[in-house]
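Listed below, chain by chain, are the residues.
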Amino acid sequence: MIRSSSSLPPVEVSQSSSEAIQPPLEVFQVISAAPLDMVELLRRAHHPAAGAVVLFSGEVRDHNKGRAVDHLEYEAYQPLAVKMIHAILAEATAKWSLQSAIAQHRVGRLAIGESAVVVITAAAHRREAYEANRHIIDRIKHEVPIWKCEYFHDGSHQWGNNCNC
Amino acid sequence: MIRSSSSLPPVEVSQSSSEAIQPPLEVFQVISAAPLDMVELLRRAHHPAAGAVVLFSGEVRDHNKGRAVDHLEYEAYQPLAVKMIHAILAEATAKWSLQSAIAQHRVGRLAIGESAVVVITAAAHRREAYEANRHIIDRIKHEVPIWKCEYFHDGSHQWGNNCNC
Amino acid sequence: MKIHVYATLKDYFSSEFELATVAHNTDELKRHLVQLNDQAELLLNSCRFAVEEGFIDNDYKLKENDTVIIIPPASGG
Amino acid sequence: MKIHVYATLKDYFSSEFELATVAHNTDELKRHLVQLNDQAELLLNSCRFAVEEGFIDNDYKLKENDTVIIIPPASGG
């Protein structure tokens, strides 16, 4: 049988909070070969009813487990990765009554210090913004078909099961 | 007797992690009347050994407890506020082996949607960056002599014990 | 002695003023201030006090030329 | 049937190739792939399988003209 692409339960939008607003889910390119534009992403996450905005950026470290990293490459199975990221954002938006939820992941070659993934959450209060943000990045890292390959200074490379952040 | 300005225990820099680097504590204007420049702050927080950067922005909401907010004003007792924020950042840097820790708080008049406070933490891994970030903003909000006054659409104002984020 | 107050305390006192009588510690200072405005009593009990060097408690001996900063509870949240 | 593999699976197989024999479900497909490269057996056991419409499990009947996507564990962390 074909299973739901993300194995997610159906999205239920909570109406319990009096401040809950049917959130406009940002739809744009969640997988991108171009550098992530944090200023533009922060601008998009902005919402007059949001008192708290949390941004997470996963960046390429110069070392991993004691080995000097030259650069990384990320690969994605895009049709599924895009669907799953949208589903994760929609579920988090409903669960934490977010005003906005944005995620964008790079693919291709990344240099040290570049951002590989950005997650931005905006909510009325900061607890929700933090919790939703961490939930989203954890699920992206564990569930979404995006892989990292580390290229080391010694010329070797390794497909990573281990997170860089 | 005069007590330590922040009632903080002395800062102990942990040397337990092999990846711990004596962190260069960013020293700059932590209280600012000018708008917060997130791009510049993110640039400052950048570190080649940091795999995770978390930014928190506390922004002025258009409503609070059902009342329409026109604008806010923040006031600080600056000599003490500056010392306390630096101490909080130094303590968090040591506790979570951060590569950078930045906080900046606005004073004066703020319009809806403007950022009143930004906290940025950078660490090797994301757990530390998230935990330290939330710890820093919680302590700034609860301990540091900075106060918010809400000006409502109906012309009234109220000094806040209640957080906007 | 000089008194500086902040935030909601400014709804009860001038932001900066001179206290004619000398208070020798923070408890005495609080009593003087309540005499000036008894509406502020509850609020004053939740305030912290500081001089230039930092926070003080009631053991700190206030001097005539001290400037005392009165700090209402932080915005919290 | 067409097979597309990603990430570390490319250290064991071409990224896209045609499987001569038809596998009728994912378990059968795994056995065919292990015959091509038995070094990949452990890795294949931790992979997920998908067709264009989404993830599939062993109950999904593969057809000759299916393109099967083989998805190694996510980068995790």
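Residues numbered from 1 in each chain as written. Chains lettered and ligands numbered in written order. Predicted model: local features only at pLDDT ≥ 70, side-chain atom pairs only at ≥ 80, totals over all residues. Heavy atoms only, no water.

Chemist: I would appreciate a short explanation of the packing of aromatic side chains in the present structure.
Modeler: Geometry of an aromatic ring pair is reported as the spacing of the ring centres plus the angle between the planes. In this structure the tally under the stated criterion is eight aromatic pairs over all chains. Ring geometry for A:Phe56 against B:Tyr130: centres 5.6 Å apart, planes inclined by 10°, an arrangement best described as stacked. With A:Phe56 in strand β2 (residues 52–59) and B:Tyr130 in helix α3 (residues 126–143), this residue pair bridges two chains. Neither residue differs from the other here; A:Phe56 and B:Tyr130 are each classed as buried. On the numbers, 5.9 Å between centres and 20° between planes, the contact of D:Phe13 with D:Phe17 is stacked. Members of the aromatic cluster, connected to one another through ring pairs, are A:Tyr77, A:Trp147 and D:Tyr6. Looking at A:Arg67, its charged tip hangs above the ring of A:Phe152, at a distance of 3.7 Å from the centre. (Phe/Tyr/Trp six-rings, centres within 6.5 Å; stacked < 30°, edge-to-face > 60°. Helix = DSSP H or I, 4+ residues; strand = E, 2+ residues; numbered from the N terminus. Buried < 20%, exposed > 50% of the residue type's maximum accessible area, 1.4 Å probe, protein only. Lys NZ or Arg CZ within 6 Å of the ring centre and 35° of its normal.)

Chemist: Please clarify how the sheet that holds strand β2 (residues 16–18) of chain C should be interpreted in this entry.
Modeler: Paired through backbone hydrogen bonds, the strands of a sheet run either parallel or antiparallel to each other. Residue and element names in this part refer to chain C. Here we have five strands laid out as an open sheet, ordered β2-β1-β5-β3-β4, and mixed in their pairing. Two strands bound the open sheet, and with one partner strand each, they are β2 and β4 (54–56). Along the sheet, successive strands turn relative to each other by an average axial angle of 30°, direction set aside. In this sheet, β4 lies alongside strand β3 (residues 48–51) in antiparallel orientation, the contact comprising three bridges. Residue pairing for β4: Val 51 is matched across the bridge by Gly 54. (Pairing = 2+ DSSP bridges. Axes fitted to C-alpha atoms, helices over the stretch in contact; angles between N-to-C directions.)

Chemist: Mind showing me how you'd approach helix α1 (residues 26–36) of chain C here?
Modeler: Since there are 3.6 residues in each turn of an α-helix, residues three or four apart along the chain are aligned in direction. Residues and elements named next belong to chain C. Among all positions in α1, only Thr 26, Leu 29, Lys 30, His 32, Leu 33 and Val 34 are buried. Looking at the buried side of α1, the elements it contacts are β1 (2–5), β2, α2 (41–45), β3, β4 and β5 (67–71). Where α1 begins, the capping side chain belongs to Asn 25, and its oxygen is found 3.2 Å from the backbone nitrogen of Asp 27. (Contact = heavy atoms within 4.5 Å. Polar contact = N/O pair within 3.5 Å; in protein donor to acceptor, adjacent residues only side chain to side chain.)

By themselves these figures say nothing about function.
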